[in-house]
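What follows is the residue order along each chain.
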Amino acid sequence: MILKNPQAVDEAALPVLPIQEFRSTVLRAVLEGARLSAFFGRFINGKVKLYALLAHDETGECTAIATIVQDAYPSLTPECPQAQGFEREVAEQFAIRAEGHPWLKPVRSHRSPYPFFQVTGEETHEVAVGPVHAGIIEPGHFRFHCQGERILHLEIQLGYQHRGVEQLLAGSPAKRMPILAESIAGDTVIGHGLAFCEAMETLGGCQISPRAQALRGVALELERLANHAGDLGALGTDVGFLPAAAYFGRLRGEFLNLLMELTGSRYGRSFLRPGGVSYDLSETQRTDFEQRLARAQKELQTFARMLFDTPSVIDRFEGTGIVTRQVSEALGFVGSVARACGSHRDVRHDHPSGIYQFSHLPMMTADTGDVHARALVRWLEAERSLVFLREQLTSLPEGELHMPCSPMMPNRVAFSMVEGWRGEIVHVAITDAQGSIARYKVIDPSFHNWMGLAMAVRNGEISDFPLCNKSFNLSYAGHDL
Amino acid sequence: MLKILATRVEQGCRTLPFPSALATLPERFRGRPTLDHSKCPDGCQACADACPVQALQAGGAMQLDLGRCLFCRDCLDACPEGAIAYTRDYRLASTKRQDLVLQGDEVPRVHALDQKMRKLFGRSLKLREVCAGSCNGCEMELQALNNVVFDLGRFGVQFVASPRHADGLIVTGPVTENMRVALLNTYEAIPSPKLVIAVGACAISGGPFRDSAQVRNGVEGLLPVDLYLPGCPPHPLTLLDGLLRLLGRIEDQTAVNYPRSD
Ligand code: SF4
């Protein structure tokens, strides 16, 4: 079934294939260049219905199929590594074994001891870090398997942040849902909030106004700018180049403050609600924004030049933590991590919704796949976002801030995709016969990309880990849900 | 090098003159809410019904629990009489849980540490942060305290890497089942006397995740809390103000008239 982001379809119209056919359809599509954007389960009459959402970036279309399984099914992962995390998640949530999965380890559950890999032999040793880390960051456990100074593999055990977000989203009254969506990852309030709203709006047959669409775009790009600027500063810190840290740190604050001027919160909380937005941009604010963004644009230039023209910085960035395009495609990485390896994918470009249907942002890629590429892509994207914002501000369309939404349609499968600052966010909401949420699935870009960090540090040294880690800057909360 | 110096000169000093001058926040900033129950029609429950986290009690004794409030403005939009309003006051900290329950226009009180503790921590306080299931929002605002604008270091307060080097623990998040043991171990590892500071609605009451099977509605009953810093997430100024009042470095606790937000 062919779908366009965002869309709700009748569950009965969604093809349910026998498992072998389901499997071969997914494998064939991926072989032809599609991505497995979502793969998840849901209990139905004592069995488990598995859903797969495939994104075809070239055509801007998605396809969705389903199958019904009982205790086990033949794993997709050996032929389609993109499925590795999804299949582990299904195994954990529904006790459905993916037979032949090479490492069917827990994703979030800490009920039994984590089955770490073991390396044996001369000069091999393990270094374990976390869950509590040295800085003010989220918890996770990293285990480095090393031979001498060389990292053979990094195992990342997560789940410490598991709050039960999906269960809460499916069982909560409507007033609590947007709050939960905004709290999936606190640095991606707008990204997840938008994915939630668009899914709800397709279920409630709600068309939001052009003005609300534009203001949502403004908020999403401000969020991207704040995070990209913050990351560039943090990369400076990690290589001991403190001027960058100080200036980018403040520039990040400037974007957050703009978001606060618009939404009343530095992270844009309570700005997006199904049906529209909760604040307008007044004429005085608009002129003020224009001036401040023009200044920010100049500062971004200056600071980025300073960072990228400093030989000692470049020396540390270049060649560190390389991920090849081949690995990126195989494991299905998304966002700036994927684009830094030369993988072309950006929801704003490939599957645009809202304002991005009318206002196009060029896709920024690099091809070296190292820390330098991941930093560079952030800088270039920040520049494009600033151009986009200034364009939006000069031509804000008219329209109602908020449109009424009808009650959610029953028996529907709705999905939405948003290019958050980390990459592709996917939300899927499935309604039951009464029109309440029976299953809510959230996929944060970090769910795909954590594996990228493990791949990036292979054959490197532990001392490079902080820099590599920062260049990915993945979400624990978004992954753990 | 010259470029770096030129940028340095151009950037100048960006640190807020806080607390010597009060900081002003944008018009839409949602700071300390105020309640005026004289405006409430008999039997009206609109605000309490609208609140996603049961932070409000309506009717005769109207109450708002800052420890639960997410500053989402849903109650404001639901109230036909304008009985609830936000001010732009960022002072929300309190040393007692019950002082977070507001009834009118009061600023929650912070009781500064006693002489002995102030002697120990007044000029040098090292804190270890543990994230126990937060969305990362509170972490980002805590990190922001280290940037050039808020510059926490100038007050002698510092975040340290090891609990063994710390004088206190900052907790964020609703305390997930999977982080409970690590949190308690970290607390144990801090030498006494030690402080516990709960940051954000999650750590104080579970926040948006309250009553999820995977979390414990915050640190209450798990650790003895010395300072509550409400918000979702709290603004860096809320954090800074609370810390400085606890250390006795902001003496004047009287209400200043902060403008109301729209
Ligand atoms: S602002 Fe606070 S009290 Fe009001 S509805 Fe939101 S969470 Fe409840």
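The rules behind each value
- Residues numbered from 1 in each chain as written.
- Chains lettered and ligands numbered in written order.
- Predicted model: local features only at pLDDT ≥ 70, side-chain atom pairs only at ≥ 80, totals over all residues.
- Heavy atoms only, no water.
- Helix = DSSP H or I, 4+ residues; strand = E, 2+ residues; numbered from the N terminus.
- Rg over C-alpha atoms; globule rule 2.2 N^0.38 Å.
- Buried < 20%, exposed > 50% of the residue type's maximum accessible area, 1.4 Å probe, protein only.
- Contact = heavy atoms within 4.5 Å.
- Areas by Shrake-Rupley, 256 points an atom, 1.4 Å probe, with all protein chains shown as cover.
- Lys, Arg positive; Asp, Glu negative; His and termini not counted.
- Charge placed at Lys NZ, Arg CZ, Asp CG, Glu CD.
- pLDDT = per-residue confidence, 0-100.
- Pairing = 2+ DSSP bridges.
- Axes fitted to C-alpha atoms, helices over the stretch in contact; angles between N-to-C directions.
- Core = buried A, V, L, I, M, F, W, Y, C linked by side-chain atoms within 4.5 Å.
- Buried area = accessible area lost by both parts, 1.4 Å probe.
- Salt bridge = Lys/Arg side-chain N within 4 Å of Asp/Glu carboxyl O.
- Nonpolar A, V, L, I, M, F, W, Y, C, P; charged D, E, K, R; others polar.
- Parallel < 35°, antiparallel > 145°, perpendicular 65-115°, else oblique.
- Left-handed = near helix turned anticlockwise from the far one by under 90°.
- Near = heavy atom within 4 Å.
- Patch = residues over 30% accessible without salt bridge, like charges linked within 9 Å, V, L, I, M, F, W, Y side chains within 5 Å.

A look at the overall build of chain A
Across its full length, chain A holds 16 helices and 16 strands. Relative to the compact-globule value of 23 Å for 481 residues, chain A shows a C-alpha radius of gyration of 22 Å, a close match. Each of the three principal axes of chain A carries a C-alpha extent, and together these read 65 × 60 × 40 Å. Residue burial in chain A is summarised as follows: out of 481 residues, 64% are buried. At a minimum sequence separation of 6, the contacts of chain A that also span at least 24 residues come to 68%. Taken as a whole, chain A presents about 16400 Å² of accessible surface, with 53% of it coming from carbon and sulfur. Both charge centroids of chain A, one from 45 positive and one from 55 negative side chains, sit 3 Å from each other.

Quick word on helix α2 (residues 84–94) of chain A
For an α-helix the count is 3.6 residues per turn, leaving residues at separations of three or four pointing the same way. Residues and elements named next belong to chain A. Counting buried positions along α2 gives nine out of eleven residues, so the element sits mostly inside the fold. Among the residues of α2, Gln84, Gly85, Phe86, Glu87, Arg88, Glu89, Val90, Ala91 and Phe94 are the ones counted as buried. Note on α2: the residue one or two positions beyond its end, Ala95, has a positive phi of about 50 degrees.

A closer look at the confidence of the model for chain B
Residue and element names in this part refer to chain B. In this model, chain B carries an average pLDDT of 87, and 95% of its residues clear a pLDDT of 70 or more. Ranking the elements of chain B by mean pLDDT puts helix α1 (residues 2–11) last with 75 and strand β10 (residues 227–229) first with 96. Of the two predicted TM-score estimates for the complex, the pTM is 0.93 and the ipTM is 0.89.

Considering the sheet that holds strand β8 (residues 168–172) of chain B
Residues and elements named next belong to chain B. Here five strands make up an open sheet; going across it, the order is β7-β6-β8-β9-β10 and the pairing parallel. On the outer flanks of this sheet lie β7 (157–159) and β10, each paired with one strand and no other. Strand-to-strand twist of the sheet, defined as the mean angle between neighbouring strand axes without regard to direction, takes the value 25 degrees. The pairing of β8 with strand β9 (residues 195–199) spans five bridges and is parallel.

Side note on the nonpolar core
Grouped together as the largest cluster of nonpolar side chains are 110 residues, with contacts concentrated most on Phe248, Phe255 and Tyr440 of chain A. If you tally residues by element for this core, the top one is helix α6 (residues 210–238) of chain A, at twelve residues. With residues near it in sequence (within four places) discarded, Tyr440 of chain A still touches Glu166, Leu169, Ala170, Met177, Phe196, Ala199, Met200, His427, Val428 and Ala429 of chain A. If you look at the next biggest cluster of nonpolar residues, it comprises 48 residues, including Ala55, Leu76, Ala83 and Ala182 of chain B.

Some remarks on unusual backbone geometry
The residue after Gly130 of chain A, namely Pro131 of chain A, is reached through a cis peptide bond having omega 15 degrees. Among the structural elements, Pro131 of chain A can be located in the loop between β9 (124–129) and β10 (141–147). With an omega of -5 degrees, the peptide bond between Ser192 of chain B and Pro193 of chain B qualifies as cis. Along the chain, the position of Pro193 of chain B falls in the loop between α6 (180–189) and β9. At Gln54 of chain B, a residue that is not glycine, the phi angle is positive and equals roughly 50 degrees.

Observations concerning the interface of chain B and chain A
Of the residues lining the interface, 60 residues belong to chain B; the matching set on chain A comes to 57 residues. It is Arg28, Met140 and Asn178 of chain B in chain B that bury the most area against chain A; as a group they hold 15% of the surface buried on that side. Across the contact surface, chain B and chain A share one salt bridge. For Arg266 of chain A, the salt bridge goes to Glu141 of chain B, with nearest N and O atoms at 2.8 Å. Secondary-structure elements contributing two or more residues to the side of chain B that touches chain A are α1, α2 (46–50), β6 (125–131), α5 (137–144) and α6 of chain B. In terms of residue count, the dominant contributor to the side of chain B that touches chain A is α5 of chain B (seven residues). Of the residues that constitute the side of chain B that touches chain A, the class distribution is 32 nonpolar, 14 polar and 14 charged.

Details of the packing of α6 of chain A against helix α7 (residues 242–263) of chain A
Residues and elements named next belong to chain A. Put simply, α6 and α7 touch, their axes get as near as 7 Å, and they point 165 degrees apart. When the axes of α6 and α7 are compared, the pair comes out roughly antiparallel. As for the relative orientation of α6 and α7, their crossing is left-handed in sense. Contacts from Val218, Ala219, Leu222, Leu225, Ala226, Ala229, Gly230, Leu232, Gly233, Gly236 and Thr237 in α6 reach Leu242, Ala244, Ala245, Phe248, Arg252, Phe255, Leu256, Leu258, Leu259 and Leu262 in α7. Class assignment of the residues belonging to the contact of α6 with α7 gives a composition of 16 nonpolar, four polar and one charged.

Some thoughts on the site of the ligand
In the vicinity of the ligand, 14 residues are found, and the nearest of them are Cys51, Cys69, Cys72, Cys75 and Tyr86 of chain B. Partitioning the shell around the ligand into residue classes produces twelve nonpolar, no polar and two charged.

Here's the deal with the pairing of strand β4 (residues 35–44) of chain A
Residues and elements named next belong to chain A. Counting buried positions over the ten residues of β4 gives eight, a clear majority of the element. Bridge analysis of β4 against strand β5 (residues 47–56) gives nine bridges, and the strand direction is antiparallel. Bridge pairing in β5 places Gly41 opposite Leu50. From the end of β4 to the start of β5, which pair antiparallel, there are two residues, and Asn45 there has a positive phi angle of about 45 degrees.

Quick look at the pattern of salt bridges
All names here are of chain A. Applying the stated criterion to the full structure yields 42 salt bridges over all chains. Measuring nitrogen to oxygen at the nearest pair gives 2.7 Å for the salt bridge that ties Arg23 to Glu79. Residue Arg23 is found in helix α1 (residues 19–31), and its partner Glu79 is found in the loop between β7 (72–74) and α2; the two are separated by 56 residues along the sequence. With relative accessibility at 12%, the residue Arg23 sits in the buried group. Between Glu89 and Arg108 there is a salt bridge, with its nearest N and O atoms 2.9 Å apart. In this pair, Glu89 is assigned in helix α2 and Arg108 in the loop between β8 (97–99) and β9, connecting sequence segments 19 residues apart. Exposure class is identical for Glu89 and Arg108. Each is buried. Through salt bridges with shared partners, a single ionic network connects Glu221, Arg224, Arg339, Asp346, Arg348, Glu381 and Glu419.

Examining a nonpolar patch on the surface
Judged by side-chain polarity, Met1, Leu2 and Leu5 of chain B come together as a nonpolar surface patch covering roughly 390 Å² of accessible area. Checked against the element boundaries, Met1 of chain B lands in the segment before α1.

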